[in-house]
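The residues making up each chain are set out below.
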Amino acid sequence: MKSKTAFLWDESFIWGLMAYEALKKNNLTFELIRSEDIKQKGLNNYSMLFVPGGWASNKLKALGDEGIAEIKRFVKNGGNYLGLCGGAGLATMDGIGLLGIKRKPTKDRVPSFSGRISLSINKHEIWEGLDNVDNKIFHAWWPSQFVVQDKKVKILATYGEPMPDAFSSDLCIGDVIKSGQDWTELESIYKINLNPTKLMGEPAVVEGTYGEGRIILSLIHFDTPEDTAGHTVLKDIWKYFLGEVADTYKLTNEKIASSNKSNNFNNKNTSSKNEKVGHSIISSEQDLIISELFDATKDLISFGERNFLWFQRNSMLFQWRRGVRGLEYCNLYMLIRKIQEILNLDNKNIRDSIENFNLRLHIIRETFLPFYGNSKKLLLMERLAMQNGHITYEKCDEQLIQSLRLELFSASKSYGGMYKRLIDDIDRLLFDLIQNIERSDLMPYLIQR
């Protein structure tokens, strides 16, 4: 098999984008694929399958029986599998069943931990690069918890002490500890496990085998933005599984100059008059729609901030109050922002190579505008409902709130309703744009940004 990695994009959304940017910035080679590619025996061209975060249950649905069988065949015959968070959950007995591991039921785990946490590490090649890293603190983002049933599974790391700036649900752990607040009392209010010390000693990163294949599953997000320790481990995993780390996308002056020359980047005067006018007419409508979508998602984020519903944790993730859906709005904002960023590269070939590009933009807009208006109504009602009592993303006594929630998101925590149709269309468009960027000479600009 070739020394290449297949990156499964489906049902990852912000987690896929976060992983994509982390791998690119660390010069790690991979190719994006979808479940349909796997069903068509697309894994035959690779030596590793990487599955980022996202709902494991939705990934299972996207893969279907054919895709699941292909992944199991691939790993059994010697392929490597790396799963982060939701991608790790996909490989457990609750998913595909590559390793003898189950996920703890929600009632038995700490379901809403997020942020920085230390690890207790057992000797392994994937930690070797950490010798040169001063701050060996990692990130977990609302992870599941493992129950290791197979004694052959190696535990590479367990959770250590959570950092003071981490959160349990919407509570800052350091602030709770300093105030002397009892976690048990808070748990009786929130009706979920909150005490982060319940994580300590639990498996965070494991390794096992399935047939001839090797598997690493991590509940730690080594792909977190600006995470030096995590990115170092990613590079060591690539080295461990693939034998080497490629640096295909180093941003050299020569590469950038070559991109400028071949694509006339920021040099429209080299086009003919007719080409310029034609491009202007085509792109102006597209750009107006994208700007409208981006401004609306930005307004949703600002609306939530003004109403004390969430705030930004890092360059990609938000922290929201218990009682509202936060990740869904974050998904929309980050994916649409990336689409706008790609289109701002202003390369006509990228747009023209996507079938029905204009139509797809209009369909997204038609779904998004009513979603946007109703989301603001819902968020304000949820904000006011918090003043009257305890609510969660799924439970609220006010009928109008419940009715809007069902319309926008359905009753499923793992996405549904109008939101799911919208985010799927946006995600497919982003995937196609990234694929076209990959084939062009504009990739250095996208990485720089």
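Because the structure is a prediction, the values reported are computed rather than measured.

Rules used in this analysis
- Residues numbered from 1 in each chain as written.
- Predicted model: local features only at pLDDT ≥ 70, side-chain atom pairs only at ≥ 80, totals over all residues.
- Heavy atoms only, no water.
- Helix = DSSP H or I, 4+ residues; strand = E, 2+ residues; numbered from the N terminus.
- Buried < 20%, exposed > 50% of the residue type's maximum accessible area, 1.4 Å probe, protein only.
- Contact = heavy atoms within 4.5 Å.
- Areas by Shrake-Rupley, 256 points an atom, 1.4 Å probe, with all protein chains shown as cover.
- Salt bridge = Lys/Arg side-chain N within 4 Å of Asp/Glu carboxyl O.
- Phe/Tyr/Trp six-rings, centres within 6.5 Å; stacked < 30°, edge-to-face > 60°.
- Lys NZ or Arg CZ within 6 Å of the ring centre and 35° of its normal.
- Pairing = 2+ DSSP bridges.
- Polar contact = N/O pair within 3.5 Å; in protein donor to acceptor, adjacent residues only side chain to side chain.
- Core = buried A, V, L, I, M, F, W, Y, C linked by side-chain atoms within 4.5 Å.
- Axes fitted to C-alpha atoms, helices over the stretch in contact; angles between N-to-C directions.
- Parallel < 35°, antiparallel > 145°, perpendicular 65-115°, else oblique.
- Left-handed = near helix turned anticlockwise from the far one by under 90°.
- Nonpolar A, V, L, I, M, F, W, Y, C, P; charged D, E, K, R; others polar.
- Arc of directions from axis to C-beta.
- Expected span 1.5 Å × (residues − 1).

S.K.: Sorry if this is basic, but what is going on with the overall build of the protein chain here?
M.R.: Across its full length, the protein chain holds 15 helices and 15 strands. Expressed as a percentage of the 449 residues in the protein chain, the buried residues total 57%. Residue pairs at least 24 apart in sequence account for 77% of intrachain contacts in the protein chain once pairs closer than 6 positions are excluded. On the protein chain, roughly 19,700 Å² of surface is accessible, and the fraction owed to carbon and sulfur atoms is 47%.

S.K.: Is there a simple way to think about the pattern of salt bridges in this case?
M.R.: Should the charged atoms of two oppositely charged side chains come close, the side chains can pair. Here the structure, examined in full by the defined rule, presents 22 salt bridges. Between Glu11 and Lys420 there is a salt bridge, and its shortest N-O distance comes to 3.0 Å. Taken as a pair, Glu11 in the loop between strand E1 (5–8) and helix H1 (14–25) and Lys420 in helix H14 (residues 417–439) lie far apart in primary sequence, 409 residues in all. Here the two residues Glu11 and Lys420 agree in accessibility, since each one is buried. Among the ionic pairs, Asp94 bridges to Arg103, the shortest N-O distance being 3.8 Å.

S.K.: Sorry if this is basic, but what is going on with the packing of aromatic side chains here?
M.R.: Between two aromatic rings, the relevant description is the distance of the centres plus the angle of the planes. In the structure shown here, the tally under the stated rule is 26 aromatic pairs. Measuring from centroid to centroid gives 5.4 Å for Tyr240 and Phe241, while their planes differ by 35°, and the two rings are tilted. The exposure class of Tyr240 is buried, given its relative accessible area of 18%. Taking relative accessible area as the criterion, Phe241 reaches 6% and is therefore assigned buried. Each residue in the set Phe13, Trp55, Trp310, Tyr329, Phe371, Phe409, Tyr415 and Tyr419 is aromatic and connected to the rest through ring pairs, giving one cluster. Here the guanidinium or amino end of Lys24 rests over the ring plane of Phe30, the centre of that ring lying 5.0 Å away.

S.K.: What am I meant to see in the pairing of strand E6 (residues 113–121) here?
M.R.: Walk down a regular strand and you will see the side chains alternate between the two sheet faces. Pairing analysis gives 2 bridges linking E6 to strand E10 (residues 167–168), with the strands arranged antiparallel. When the sheet's bridge partners are listed, Phe113 is paired in E10 with Ser168. Of the pairings in the sheet, the one linking E6 to strand E7 (residues 138–141) comprises 4 bridges and is antiparallel in character. Across the sheet, residue Gly115 finds its bridge partner in E7, namely Ala140.

S.K.: Is there a simple way to explain the side chain of Lys39 in this structure?
M.R.: Positionally, Lys39 belongs in helix H2 (residues 35–39). From its side chain, Lys39 meets the backbone oxygen of Ala62 in a polar contact 3.3 Å long. When neighbours within four sequence positions are excluded, Lys39 is seen to be in contact with Ala62, Leu63, Gly64, Glu66, Gly67 and Glu70.

S.K.: When you look at the environment of Met48 in this model, what are you seeing that I'm missing?
M.R.: Tracing the chain through its elements places Met48 in strand E3 (residues 48–51). Using a relative accessible area of 0% as the deciding quantity, one classes Met48 as buried. Each C-alpha atom of the pair Met48 and Phe74 lies 9.0 Å from the other, and the pair is 26 residues apart in sequence. With near-sequence residues (within four places) excluded, Met48 lies in contact with Lys4, Thr5, Ala6, Phe74, Asn80, Leu82, Trp238, Phe241 and Leu242.

S.K.: Before we go on, may I ask you to explain the nonpolar core in this structure?
M.R.: For soluble globular proteins, the rule of thumb is that nonpolar side chains tend to be buried together. Grouped together as the largest cluster of nonpolar side chains are 141 residues, with contacts concentrated most on Leu49, Tyr81 and Trp127. Ignoring anything within four residues of it in the chain, the contact list for Trp127 reads Leu119, Ile121, Asn122, Phe138, Leu156, Ala157, Val205, Phe222, Val233 and Asp236.

S.K.: What's the story with the packing of helix H10 (residues 327–343) against H14 in this structure? I'm lost.
M.R.: Angle between the axes and distance between the axes: these two values describe a pair of packed helices. It is at 10 Å that the axes of H10 and H14 come closest, and there the two elements cross at 30°. With respect to their mutual orientation, H10 and H14 come out roughly parallel. For the crossing formed where H10 meets H14, the hand is left-handed. The residues of H14 that touch H10, namely those facing Glu328, Asn331, Leu332, Leu335, Ile336, Lys338, Ile339, Ile342 and Leu343, are Tyr419, Leu422, Ile423, Ile426, Asp427, Leu429, Leu430, Leu433, Ile434 and Ile437. In terms of residue class, the contact of H10 with H14 is built from 15 nonpolar, 1 polar and 3 charged.

S.K.: Please explain unusual backbone geometry as it appears in this structure.
M.R.: For residues other than glycine, phi is negative in most cases, and the peptide bonds are mostly trans. A positive phi angle is found at Glu226, which is not glycine, with a value near 60°. Positioned with a positive phi, Tyr415 is a non-glycine residue whose angle comes to about 80°. One can find Tyr415 in the loop between helix H13 (399–409) and H14. Residue Tyr415 is classed as buried on the basis of its relative accessible area of 9%.

S.K.: Looking at this model, I keep getting lost on the side chain of Arg405. Mind explaining?
M.R.: Relative to the helices and strands, Arg405 is located in helix H13. When near neighbours in sequence (up to four residues on either side) are disregarded, Arg405 contacts Gly323, Leu378, Glu382, Ile391, Thr392, Tyr393, Glu394, Lys395, Cys396 and Ser410.

S.K.: Would you explain helix H6 (residues 183–190) in this entry?
M.R.: Because the α-helix completes a turn every 3.6 residues, residues three or four places apart line up on one side. For H6, the set of buried residues is Trp183, Leu186, Glu187 and Tyr190. Along the axis of H6, the buried residues cluster in a sector spanning 100°; they form a single face. If you check the start of H6, you find a side-chain oxygen 2.6 Å away from the backbone N of Thr184, and it comes from Asp182. Positive backbone phi, at 65°, marks Lys191, one or two positions downstream of H6.

S.K.: Whenever I open this one, H10 confuses me. Can you help?
M.R.: An ideal rise of 1.5 Å per residue puts 24 Å on 17 residues; H10 measures up with 24 Å between its terminal C-alpha atoms. Burial of H10 is extensive: 16 of the 17 residues sit out of reach of the surface.

S.K.: Can you walk me through the packing of H13 against H14 in this structure?
M.R.: Interaxial distance between H13 and H14 falls to 2 Å at its minimum, and their mutual angle equals 25°. Considering their axes alone, H13 and H14 lie roughly parallel with respect to each other. When H13 is examined against H14, the residues Glu407, Leu408 and Phe409 are found in contact with a partner set consisting of Gly417, Met418 and Tyr419.

S.K.: Would you mind showing me how to read the environment of Asp65 here?
M.R.: Locating Asp65 in the fold gives a position in helix H3 (residues 56–76). Between the C-alpha atoms of Asp65 and Lys39, which are 26 residues apart in sequence, the distance is 8.9 Å.

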